[in-house]
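Overview (structure and organization)
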Amino acid sequence: MNENLKTDFDIICKEIIIPFFKDFGFKRKNLHFSKQNNDIIQCFNVQKSQWNSYNNSIDFTFNFGFYNAEISSIVDNEIVWLEFPKTYDCFINNRLGIFSHKRDHWYTLSKKIDTSKTAEKIKDDLEKYLKPIFENYDSLEKLQLFFR
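Let me sum up the structure you'll find in this document. Since we're looking at a predicted model, the values are computed, not measured. (Residues numbered from 1 in each chain as written. Predicted model: local features only at pLDDT ≥ 70, side-chain atom pairs only at ≥ 80, totals over all residues. Heavy atoms only, no water.)

**What about unusual backbone geometry?**
A positive phi angle is found at N30, which is not glycine, with a value near 55 degrees. Locating N30 in the fold gives a position in the loop between β1 (27-29) and β2 (32-37). (Helix = DSSP H or I, 4+ residues; strand = E, 2+ residues; numbered from the N terminus.)

**With respect to the pairing of strand β4 (residues 57-67)**
In terms of burial, β4 is largely enclosed, as 9 of its 11 residues are buried. Where strand β3 (residues 40-48) and β4 come together, 8 bridges link them in antiparallel fashion. Note that in β4 the partner of C43 across the bridge is G65. By the bridge criterion, 4 bridges tie β4 to strand β6 (residues 107-110) in an arrangement that is antiparallel. Opposite D59, over in β6, you have T108 as the bridge partner. With 4 bridges connecting them, β4 and strand β5 (residues 92-95) associate as antiparallel partners. (Buried < 20%, exposed > 50% of the residue type's maximum accessible area, 1.4 Å probe, protein only. Pairing = 2+ DSSP bridges.)

**What to know about the packing of aromatic side chains**
Following the criterion strictly, the structure yields 17 aromatic pairs and no others. Look at F60 and Y107: their rings are 5.7 Å apart centre to centre, the planes differ by 25 degrees, and that puts the pair in the stacked class. Taken together, the positions of F60 in strand β4 and Y107 in strand β6 put the pair 47 residues apart, joining distant regions of the chain. We classify F60 as buried; its relative accessible area is 0%. (Phe/Tyr/Trp six-rings, centres within 6.5 Å; stacked < 30°, edge-to-face > 60°.)

**Here we look at the pattern of salt bridges**
Enumeration according to the criterion identifies 5 salt bridges in this entry. With its nearest N and O atoms 2.9 Å apart, the salt bridge here joins R95 to D104. Put simply, D125 and K121 hold a salt bridge, and the shortest N to O gap is 2.9 Å. With a gap of 4 residues between them, D125 and K121 both fall in helix α4 (residues 115-136), about one helical turn apart. (Salt bridge = Lys/Arg side-chain N within 4 Å of Asp/Glu carboxyl O.)

**Overview of the nonpolar core**
Note on soluble globular proteins: their nonpolar side chains tend to be buried together. Of all hydrophobic cores here, the largest spans 33 residues; its most connected members are I17, F44, F62, L126 and F134. Counting residues per element, the ones that place at least two in this core are α1 (5-23), β3, β4, β6 and α4. With 8 residues, the single largest contributor to this core is α1. Beyond its immediate stretch of four places on either side in the chain, F134 contacts F21, F24, F26, Q42, C43, F44, F64, G65 and F66. (Core = buried A, V, L, I, M, F, W, Y, C linked by side-chain atoms within 4.5 Å. Contact = heavy atoms within 4.5 Å.)

What follows is the structure, given as structure tokens:
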């Protein structure tokens, strides 16, 4: 295990998270990812805790959402076309942990936790939980089923 937690985090991003979204056809800006699908844009981001010390631990979670300019215009009273919406711009957004862990879940890197096990859990959660969500809900019509 690497003693530098920021390096461990960067490796997980570089070797697991970024390739997952690249293979899935997403575009990336930092740790935000988006993909146009039919009449929606699917969004994802890695949110790091504001309390991270980088010496003792790094906590982070995954957010995802679905964006459509027309629906967003209902809330904002005007249509704003975002080229690269963030998860907080989405009319539907949630945390992946609600699906993968049945609650809000934050991953932790620390000197007391085996980084490779955390990395494997992240890879598994992306494949097992997020991939089916993005595959099954790729249009406004299909998103209606998300709430049933």
